[in-house]
Amino acid sequence: MGDVTAYSITSALAKFKIALDPKLDADKKHIVNDSRQVKSGDIFAAVRGTQGQGHVFIEAALLAGASMILIDIDDEAGHGQLRWLEGPYQAVAAIEFYNLGQQLAALAGEYYQHPAKSMTLYGVTGTNGKTSCCQLIAQMLNYVNKPSAIIGTLGAGPVDDLVTINNTTPGPTLLQALLAEFKQNALLNVAMEVSSHALDQKRLLPELIDVAIFTNLSRDHLDYHGSMQAYGDAKGKLFVTSHRQRWVLNADDKQSKSYLRQKTDDNPVVMFSSTQSLADVKSQFTRADFYLVATAIECHPKGLAFTIQSSWGDANIITPLLGRFNVDNLLACLSALLIQGYDLNALVDAAAHLKAVAGRMEAFGNDRSVTAVVDYAHTPDALENALKACRYHNPDNLWVVFGCGGDRDKGKRPLMAQVAQQFADRLIITNDNPRSEDPQSIVDDIVAGLSDNHAATVILERRQAVTDSLSQAGANDMVLLAGKGHEDYMIIGEQRIDYDERALVADYFSRSSS
């Protein structure tokens, strides 16, 4: 077979004077593989298997103003063939590209002139913790004056100015466009979530990642991967041995051993643990280069405290983050930044100023008040995990304010009540997007799960439920406000009403402390 990549997209674009000439506003013209995102002047990559057969959407791309079409073909002999398509205003060049889907990541990098080469990319993979780790890495980098961006579940951009994207890990064209935009805005450090789907579908070139981070592996996405083995192998594709990529691996997850076996001398590796001693991790993972463990872990109502022992020295970490799981998240983030050469003491200072992901175990309060925790938990399993995380912090009393959405799974309603009754001391049942259902009917379904109907207080108006619980709770109590999280609305009937629980709680504590 010939070297089909030799037919570079660069030569094609130069031939038609599109985008690579700075005078033609290259930053305003993009290469996209979703016809719905095509804007005037863009190049449409009609990839087979991307939202159906890509060629089906060529006409829509032309109508949207595409200035060039790349057509995915399976015959190598036709690679590079040029033809012209009739557009709404003028003929549009179409280039046939052999195996376009497999080449799209490299092609997009070429088009955007490889922005990643002058950036540092942190890639986080694993079943849990990806979103939090990316947020925490970016916050810590910002604290040490390294402007950063994130790409993931909550969106893309600076931590405080995210723009929604469709996938946890964007497609190769959007990814390169985002990186080019970040570079232009001097955001030269990017923490991104890397899904197993993206790695398996080659939506991301792992070689782009400078620091590859593995959090953990548990059952998920088996409908796609088929087995835990395949799922773990897919995530393992992030770890590249062909160049000096740094690796961060969780010593408490058995999957790390398989990844570590791939290590070469060109791959510096740090192992982190929150359950083992430094000596045990060193003896168990002799192929690693650096080590970091947490000891003397304390969970209190205002956050976490623990000691780290590491290849870079020892330190005491104090952070306002809640949840025992955040110890592991912080160890992963500290490992990633330490292996990049950041100062341990500076990172310790940064940890003290971290904020939780919006609406995810996000704590509010002050030294003299009850602690409120806003979390998105709206399923029985999520509510149980959130309550357990709160319980780790040893409040005198654990309160929970929750409800269930209308026009949704009714079977979970009594289960939510059972979980709340098992893990909380005080229960307040309220509204949570009742939609077209009668709020009282939803509450009745929830209460049916209680062993004692008097075990909970019902306050349908959610604002009142929140403020009443906070005003009645003691200074050493904790109130979990479950279900709304980062949402800023409530759906009642057909109305979408403004309701931001995070803002409500922040305002409550602001007024109570003044």
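Everything numeric here is computed off the predicted structure, so don't read it as measured data.

1. Quick notes on the overall build of the protein
Secondary structure assignment for the protein yields 17 helices and 23 strands. A globule of 514 residues ought to have a C-alpha radius of gyration of about 24 Å, and the protein, at 26 Å, matches this closely. C-alpha extents for the protein along the principal axes are approximately 75 × 60 × 45 Å. Relative to its full complement of 514 residues, the protein shows a buried share of 53%.

2. Regarding the pattern of salt bridges
Scanning the model with the defined rule gives 15 salt bridges in all. The residue Arg83 makes a salt bridge to Glu96 at a minimum N-O spacing of 3.2 Å. Pair noted here: Arg83 is in strand E4 (residues 82–86) and Glu96 is in strand E5 (residues 91–98), with a separation of 13 residues, a long-range link. Judged by its relative accessible area of 33%, Arg83 falls in the partly exposed class. With a closest N to O distance of 3.2 Å, Arg391 and Asp425 form a salt bridge. On the criterion of sequence distance, the pair formed by Arg391 in helix H13 (residues 380–391) and Asp425 in the loop between helix H14 (412–423) and strand E19 (426–429) is long-range, its members being 34 residues apart. A relative accessible area of 31% means that Arg391 is categorised as partly exposed.

3. Observations regarding the pairing of strand E14 (residues 303–310)
Remark: a regular strand shows side chains that alternate across the two faces of the sheet. For E14, the tally of buried residues reaches six of eight residues, placing the bulk of the element in the interior. Where strand E13 (residues 290–300) meets E14, seven bridges bridge the pair, whose relative direction is antiparallel. Pairing of His300 across the sheet is with Gly303, part of E14. Sheet topology places E14 next to strand E15 (residues 313–319); seven bridges connect them, and they run antiparallel. Bridge pairing in E15 links Ala305 to Ile318. Hairpin geometry of E14 and E15 is characterised by an intervening segment of two residues between the two adjacent antiparallel strands.

4. Quick look at the nonpolar core
Within the largest apolar cluster, 43 residues are counted, with the highest numbers of intra-cluster contacts made by Tyr122, Ile137, Met140, Ile213 and Ile308. In terms of residues, this core owes the most to one element, helix H11 (residues 325–338), which gives nine residues. Dropping the residues within four chain positions of it, Ile308 is found in contact with Leu292, Val293, Gly313, Asp314, Ala315, Ile317, Leu331, Leu334 and Leu344. In terms of nonpolar packing, the next biggest core, distinct from the first, is built from 39 residues, Ile165, Met192, Leu249 and Phe285 among them.

5. Structural notes on the confidence of the model for the protein
A low pLDDT score tells you not to read the predicted coordinates there in detail. Predicted confidence across the protein gives a mean pLDDT of 89, with 93% of residues reaching 70 or more. Considering only residues more than four positions removed or in separate chains, one finds that residues 1–7, a stretch of pLDDT under 50, has 13 contacts. This stretch, residues 13–26, has a pLDDT under 50; its non-local contacts, to residues over four places away or in other chains, come to 25 contacts.

6. A look at the sheet that holds E13
As summarised here, the arrangement of the 10 strands in space is E8-E7-E9-E6-E10-E11-E12-E13-E14-E15, forming an open sheet in which the pairing is mixed. The open sheet has two edge strands, strand E8 (155–157) and E15, and neither has a second partner. Sheet twist, expressed as the mean angle between neighbouring strand axes with direction ignored, is 20°. Inspection of the sheet shows strand E6 (residues 120–125) paired to strand E9 (residues 189–193) by five bridges, in the parallel sense. Within the sheet, the bridge partner assigned to Tyr122 lies in E9 and is Ala191.

7. Considering the sheet that holds strand E21 (residues 478–482)
Judged by pairing direction, the sheet is mixed, and its six strands sit side by side in the order E16-E17-E21-E18-E19-E20 without closing on themselves. Bordering the open sheet on either side are strand E16 (362–364) and strand E20 (456–458), each of which pairs with just one other strand. Mean inter-strand twist for the sheet, computed between neighbouring axes without regard to direction, equals 20°. Relative to E19, strand E18 (residues 398–402) runs parallel, the two sharing four bridges. Residue pairing across strands places Val400 opposite Leu427, the latter belonging to E19. Sheet contacts for H14: E18 and E19; angle to E18, the most-contacted strand, approximately 165°.

8. Points about helix H5 (residues 172–184)
In a regular helix each residue adds 1.5 Å, so 13 residues correspond to 18 Å; H5 covers 18 Å between its end C-alpha atoms and thus fits that length. Close packing links the buried residues of H5 with strand E1 (31–32), helix H3 (100–111), E6, strand E7 (148–152), E8 and E9. With its phi angle positive at about 60°, Ala186 sits one or two positions after the end of H5.

9. Thoughts on the environment of Trp399
Within the element layout of this structure, Trp399 appears in strand E18. With a relative accessible area of 3%, Trp399 lands in the buried category. For the pair formed by Trp399 and Asp252, sequence separation is 147 residues and the distance between their alpha carbons is 32 Å. Not counting the four nearest positions on each side in its chain, Trp399 is found in contact with Arg426, Ile428, Ser469, Gln472, Ala473, Asp477, Met478, Val479 and Leu480.

10. Observations concerning H13
An ideal rise of 1.5 Å per residue puts 16 Å on 12 residues; H13 measures up with 16 Å between its terminal C-alpha atoms. Taken together, the buried positions of H13 are occupied by Pro380, Leu383, Ala386, Leu387, Ala389 and Cys390. Contact partners of the buried residues in H13: H11, strand E17 (371–375), E18, H14 and E21.

11. Here's the deal with empty space enclosed by the protein
Counting across every chain of the model gives two cavities of 30 Å³ or more. Space inside the largest cavity adds up to approximately 40 Å³. Taken together, the residues that form the lining of the largest cavity break down as four nonpolar, five polar and one charged.

Conventions adopted
Residues numbered from 1 in each chain as written. Predicted model: local features only at pLDDT ≥ 70, side-chain atom pairs only at ≥ 80, totals over all residues. Heavy atoms only, no water. Helix = DSSP H or I, 4+ residues; strand = E, 2+ residues; numbered from the N terminus. Rg over C-alpha atoms; globule rule 2.2 N^0.38 Å. Buried < 20%, exposed > 50% of the residue type's maximum accessible area, 1.4 Å probe, protein only. Salt bridge = Lys/Arg side-chain N within 4 Å of Asp/Glu carboxyl O. Pairing = 2+ DSSP bridges. Core = buried A, V, L, I, M, F, W, Y, C linked by side-chain atoms within 4.5 Å. Contact = heavy atoms within 4.5 Å. pLDDT = per-residue confidence, 0-100. Axes fitted to C-alpha atoms, helices over the stretch in contact; angles between N-to-C directions. Expected span 1.5 Å × (residues − 1). 1 Å grid on protein atoms, 1.4 Å probe; cavity = no way out; pocket = protein on both sides within 12 Å on 5 of 7 lines; lining within 4 Å. Points joined across faces, edges and corners; volume = space filled by probe spheres on them. Nonpolar A, V, L, I, M, F, W, Y, C, P; charged D, E, K, R; others polar.

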